[in-house]
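Secondary and tertiary structure notes
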Amino acid sequence: MAGNWKMYKTPAETTAFFEKFRPLVEKSEHCEIVICPPFTNLAAAVDAAKGSAIHVGAQNVAWAKEGAFTGEISAGMLRSVGAAYTIVGHSERRQYFGETDATVLKRTQAALEAGLTPIVCVGECLQDRESGNTEKVLVSQCQGGMAGLTEAQFARIVIAYEPLWAIGTGKTATPEMAADAHRAIRNEVRAKFGKDAADAVRILYGGSVKPDNVKTLMAQPEIDGSLVGGASLDAVSFASIVNF
């Protein structure tokens, strides 16, 4: 269960969140918990998570180790402050900041090289969904964003299915729609990396996940967890999702 805080919270607010959140999930041993705050809050989050089973991740990572890349943060920098995960290719990065399958692959490879676990996002827009192209888009994104990975590298990633039309809109894919998309992704993994890889990979659903819909989503065998946006900003709300 991963929380993506997007562009919210200060370091002080991060510390306060963890003080409230940690006691609520201290007995939650059925899943891994990851929280991805803004870059400016990573150090505070890592410090606040010490001694717990909560992992901290970033929301993006540069494909280069260093250099003249104003505004970018390298995987080595993320590791140096204690991050263990990073989101890659989030639909908002694709929509607003020109992220492509090619750059997703480069960022994923950089994260893996530095020892981070990438949460690689794929998902279709509303037009693709309504025109019946969902599976085509997902297969294309999987092929483009993971084409250069070896089997050993692929075994270290997490995939998140995030339909763009459900991000921050309050709309949620039905459990059946989400399961169908997850199945298409897993089938593509099977075709490229084999049955064992397809069975082992964790595929998360993201898109307006809330305490009142997480149970029905997680009841689908194809869905292995959630990448939660707005509902992860509140400690009680996110704990309810974790403890579904």
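These remarks concern the structure in this document.

Criteria and cut-off values
- Residues numbered from 1 in each chain as written.
- Predicted model: local features only at pLDDT ≥ 70, side-chain atom pairs only at ≥ 80, totals over all residues.
- Heavy atoms only, no water.
- Helix = DSSP H or I, 4+ residues; strand = E, 2+ residues; numbered from the N terminus.
- Rg over C-alpha atoms; globule rule 2.2 N^0.38 Å.
- Buried < 20%, exposed > 50% of the residue type's maximum accessible area, 1.4 Å probe, protein only.
- Contact = heavy atoms within 4.5 Å.
- Areas by Shrake-Rupley, 256 points an atom, 1.4 Å probe, with all protein chains shown as cover.
- Pairing = 2+ DSSP bridges.
- Right-handed = clockwise from strand over helix to strand, strands pointing away.
- Expected span 1.5 Å × (residues − 1).
- Core = buried A, V, L, I, M, F, W, Y, C linked by side-chain atoms within 4.5 Å.
- Axes fitted to C-alpha atoms, helices over the stretch in contact; angles between N-to-C directions.

To continue, consider the overall build of the protein chain. Within the protein chain, the regular secondary structure consists of 12 helices and eight strands. Its C-alpha radius of gyration of 17 Å places the protein chain within 12% of the 18 Å reference for a compact globule of 244 residues. Seen along its three principal axes, the alpha-carbon backbone of the protein chain occupies a region of about 45 × 45 × 35 Å. Within the protein chain, buried positions represent 52% of all 244 residues. Residue pairs in contact within the protein chain that sit at least 24 positions apart in sequence constitute 70% of those at least 6 positions apart. As displayed, the protein chain offers around 11100 Å² of accessible surface, 53% of which is attributable to carbon and sulfur atoms.

Bringing the pairing of strand β2 (residues 33–36) into the picture now. The two faces of β2 match: Ile33 and Ile35 on one face and Val34 and Cys36 on the other face are all buried. Here strand β1 (residues 2–4) pairs with β2 via three bridges, running parallel. Residue pairing for β2: Ala2 is matched across the bridge by Val34. In this sheet, strand β3 (residues 54–58) lies alongside β2 in parallel orientation, the contact comprising three bridges. Across the sheet, Ile33 pairs through a bridge with Ile54, a residue of β3. For the handedness criterion, the β-α-β arrangement of β2, helix α2 (residues 42–49) and β3 is classed as right-handed.

Now for helix α5 (residues 101–114). If you check α5, its first and last C-alpha atoms are 20 Å apart, about what 14 residues at 1.5 Å a residue would give, namely 20 Å. Along α5, the positions that sit buried rather than exposed are Asp101, Thr103, Val104, Leu105, Arg107, Thr108, Ala110, Ala111 and Leu112. Tucked into the core, α5 has its buried residues touching α3 (75–80), β4 (85–88), α4 (91–97), β5 (117–122), α7 (134–146) and α8 (151–154). Gly115 lies just past α5 and shows a positive phi near 90°.

Below, the discussion takes up the nonpolar core. Judged by nonpolar contacts, the single largest core of 61 residues is most densely connected at Phe18, Phe21, Phe154, Ile159, Tyr205 and Phe238. Not counting the four nearest positions on each side in its chain, Phe21 is found in contact with Ile33, Ile35, Ile54, Ala235, Phe238, Ala239 and Val242. Ranked by size, the runner-up nonpolar core spans 11 residues in total, among them Val34, Ile119, Ala160 and Leu227.

Moving on to the sheet that holds β1. Taken together, the eight strands give a closed barrel; going around it, the order is β1-β2-β3-β4-β5-β6-β7-β8, and neighbouring strands pair in parallel fashion. When strand polarity is set aside, the average angle formed by the axes of neighbouring strands in this sheet is 30°. Along the sheet, helix α1 (residues 11–25) contacts β2 and β3; its crossing angle with β2, the most-contacted strand, is approximately 165°.

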